[in-house]
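Spelled out, the chains give:
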Amino acid sequence: MDTQSYMPVPPGVGMEENFLSLDDILLSHERLPCKTDTSFPKLGFLEKTSESHDIPENTKMEMPLWMAKGLYERKRHVISVDLPKVYREGWRTVFGADANMVDLHKMGPYYYGLGSQILHFENAENPEIAQSILQTFIGRFRRTMDSSQNAYNEDMSALLERLDCLERALFRSGQNGLNAFQLWERGRASQLTASSLVTNYRKRKITELHS
Amino acid sequence: MDPSEVEFLAEKEMVKIIPNFSLDKIYLIGGDLGPFNPGLTVEVPVWLALNLKQRQKCRIVPPEWMDADKLEEIREQERREDTFTPIPSLHYMELTKLLLNHAADNIPRADEIRTLVKDIWDTRIAKLRLSADSFINQQEAHARLDNLTLMEINTTRTFLLDSLNCMYKLRSNLQPGSGSGKAHDY
Amino acid sequence: MFCEKAVELVRELHRMTDGQLPAFNEDGIRQVLEEMKALYEQNQSDVNEAKTEGKSELIPTIKFRHCCLLRNQRCIAGYLYDRLLRIRALRWEYGSVLPTTIRFHMCAEELEWFNQYKKSLATYMRSLGGDEGLDITQDIKPPKSLYIEVRCLKDHGEFEIDDGTVILLKKNSQHFLPRWKCEQLIRQGVLEHVIS
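Residues numbered from 1 in each chain as written. Chains lettered and ligands numbered in written order. Predicted model: local features only at pLDDT ≥ 70, side-chain atom pairs only at ≥ 80, totals over all residues. Heavy atoms only, no water.

Draft legend 1. Main features of the interface of chain B and chain A. Across the boundary between the two partners, chain B contributes 37 residues, which contact 40 residues of chain A. Both faces considered, chain B and chain A share a buried interface measuring about 3,800 Å² in area, 65% of it formed by carbon and sulfur atoms. Our count for the contact surface shared by chain B and chain A stands at 2 salt bridges. Between D146 of chain A and R129 of chain B there is a salt bridge, with its nearest N and O atoms 3.7 Å apart. Contributing elements (two or more residues each) for the side of chain B that touches chain A: α1 (3-10), α4 (92-103), α5 (110-137) and α6 (150-172) of chain B. No other element matches α6 of chain B, which puts 13 residues into the side of chain B that touches chain A. For the side of chain B that touches chain A, the residue count by class is 15 nonpolar, 11 polar and 11 charged. (Contact = heavy atoms within 4.5 Å. Buried area = accessible area lost by both parts, 1.4 Å probe. Salt bridge = Lys/Arg side-chain N within 4 Å of Asp/Glu carboxyl O. Helix = DSSP H or I, 4+ residues; strand = E, 2+ residues; numbered from the N terminus. Nonpolar A, V, L, I, M, F, W, Y, C, P; charged D, E, K, R; others polar.)

Rendered as C-alpha cells:
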C-alpha cells in the first residue's frame, strides 16, 4: 500500500460540523421531517403539492439538516423539527435489544452523524437519544473491528453493506493497517509501486475507450 | 507509519557477527564500529550485519532469545496469561523476519522459530483486539500499553485512534448544554 | 429546492474517494453562482419592501433565502478546497510535470495554483541539506539499497544516468539503476520495481 498524499478534510468531532469537509456537507444534506411555525411568503413554488403563493404556517415538509439548523430558533417559532423514526423510542428499544441485528446503512446511512446533529433541536428525549446512539456504537464495535481485521482478500461488500458511514470509515482504517502489515510480511513493503492515482487514471481511460 | 519504516528502525538494533575479514575501526555518525578480525565476534547494527552477510563476509550469531526452546516457553506463557507478557526484544517480529530471510543458514531450527514467532504474534494481536473491545465497552479514557511493541501498536494505531475519536464524538453528545452553542453550519 | 446543484458538485467529487481529480465543473459552478445571484436580488428587493412598507412577515422568507446563499457558498468553498488538496497530492505522486490529460481537468486558476505550489516546494527543497538542496519527494520509503532492479512497462526513450551513460528504456527491457533516478518513473508507471 502506498502512502496516500491526498488526505481529505476530516468530518467534525462532536456536535460541530467541519465547514470544508465533504462528508459533513453531505451529512447536512440529509432530510428531516419539519413543520413550519410561521408562513414563508413567496416561497409556495417550493412545495410541489401546493398551488399557493406562500408556504403557510403549519405546513409539514422535509427539510435538509442545514436549512433546519439555519432557520431554527429556540425563542421564536419559525420551524419545529420532528424526530426521524430511527431515533424514536420504538427503534431505540430495538437498538437496545441487539444493535448488531440492525442494518444501519439502510436506516442511515448517517445514523451516528445525524443523531448527533438532531440534538441541536430542543426535545425532551435528547438525553435518551444521545445515550442510545453511544450504546449502539459500543454494541456494534466488536463486529466492526473483527470484520475489518479479517476480511483481507475476501469480498467485503456483504460485510460493508450493513455498516453506517462512520463505521465504514473505521472499517477502512482497520483494513489499511492490516493490509500494510501483510504486505510487509510478504516482503513487499519496500517495493516501490506506481501511484494509485496513476493506475486509476489509466484504468478509467481504458473503460472510457470501451464504453 | 508504514511497516517498512518500523523495520528501518529495527535495523539499528545491535547483533553479534563473526567476520571473515580484517578491517580497522570505522568511524560513523552513529558511532564507531569494529575493528574486525577474522573469527572474532563483534557487535554491529543489523543493517550492516545483513549487508556483510549478503556479501558473504560474515556469519551472524542469532540473538539469545531467537532460540526455539526459549520461544516455546514464551509462547506458552503468552497463551496462559491475559495480559501482554514482556517480550525479550521490542523488535522481535522485524528481527525474526530480517534474520531468517537473509541468514537462515546461521540460525538453528529456523523454520520452527518462524512458526513460533508467528504464533506469539497472533496470540498478542488477539489480546490487543480483546482489550480494545473492552476498552470501548467500558468507555475508558486512557489505556496502558505496557509490553506492546512498536510493530504491534503500529498495525492498529489508526484504527484505535479513529475509534476513540468516534467515542469522544458520541460521548460529547451526552454533555448537557453542549448543544446550546450556535448551530450555524449551513 | 435550492442548492441542489451545489450539492451535486460536492457529490461528484466525493464519489472519487481515492483522490483522483475529475474535470473542473465550470458549468456547475456557473449555475450555482446564477442561483446565488437570483437569491441575492430577490432578497434585496424584499428587504427594501420590508423596510419601506413595514412588511415584517417577509423576514422568514428573507432568512430562508439567506440560508441558501450561505449553503451554496459552503458547497463551492468545499468543492474548490478539496480539489486543491487533490492537486497538491499530484505534485507528490507525479512530480512537477503533469500529463496533459490531468492538466485538461484543471481550470486556469488551478493551474496557476499548482505552479505556485511547485515553486514554493522547490524553494524550500533548495534551502535544505547544504548547497545541493534535498529532494524530499524522494525516498518516501526507507531505501534498502542504492541500486534497484527495474522492468520497463512502456517505451520511454533514452535515459541518462549519473555517470553520463545513456540507456534506452524499451518496453519489457530490464535494468539495474540507481534508485533515486527511477523512483519517480516507477510512481508514474513507466518502470516496475522488481523484487526477487
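Moving on from the coordinates now.
Draft legend 2. Region of interest: the packing of α5 of chain B against α6 of chain B. All names here are of chain B. Between α5 and α6, whose axes approach to 11 Å, the crossing angle comes to 15°. On the basis of their axis angle, the class for α5 and α6 is roughly parallel. You can see that α5 and α6 cross each other, and the crossing is right-handed. Contacts from W121, R124, I125, L128, A132, F135 and I136 in α5 reach M151, E152, T155, T156, L160, S163, L164 and M167 in α6. (Axes fitted to C-alpha atoms, helices over the stretch in contact; angles between N-to-C directions. Parallel < 35°, antiparallel > 145°, perpendicular 65-115°, else oblique. Left-handed = near helix turned anticlockwise from the far one by under 90°.)

Draft legend 3. Geometry of the UniProt feature "domain: DNA replication complex GINS protein PSF2 N-terminal" (unreviewed entry) in chain B. With numbering matched to this structure, UniProt assigns "domain: DNA replication complex GINS protein PSF2 N-terminal" (unreviewed entry) to residues 2-61 of chain B. The span residues 2-61 of chain B carries 28% helix and 33% strand; its end-to-end C-alpha distance comes to 28 Å. (UniProt positions renumbered as here; feature names shortened; annotations may be inferred.)

Draft legend 4. Expanded view of the UniProt feature "domain: GINS subunit" (unreviewed entry) in chain C. The UniProt record marks residues 40-128 of chain C with the feature "domain: GINS subunit" (unreviewed entry), using the residue numbering of this structure. With 82% helix and 0% strand, the stretch residues 40-128 of chain C has end C-alpha atoms that lie 50 Å from each other.

Draft legend 5. Quick peek at the pairing of strand β1 (residues 31-36) of chain A. Residues and elements named next belong to chain A. Alternating residues of β1 divide into L32, C34 and T36, all buried, and R31, P33 and K35, none buried. With 5 bridges connecting them, β1 and strand β2 (residues 60-64) associate as antiparallel partners. Bridging from a neighbouring strand, C34 pairs with M61 of β2. Bridging between β1 and strand β3 (residues 79-81) involves 3 bridges; their strand directions are antiparallel. For K35, the partnering residue across the bridge sits in β3 and is S80. (Buried < 20%, exposed > 50% of the residue type's maximum accessible area, 1.4 Å probe, protein only. Pairing = 2+ DSSP bridges.)

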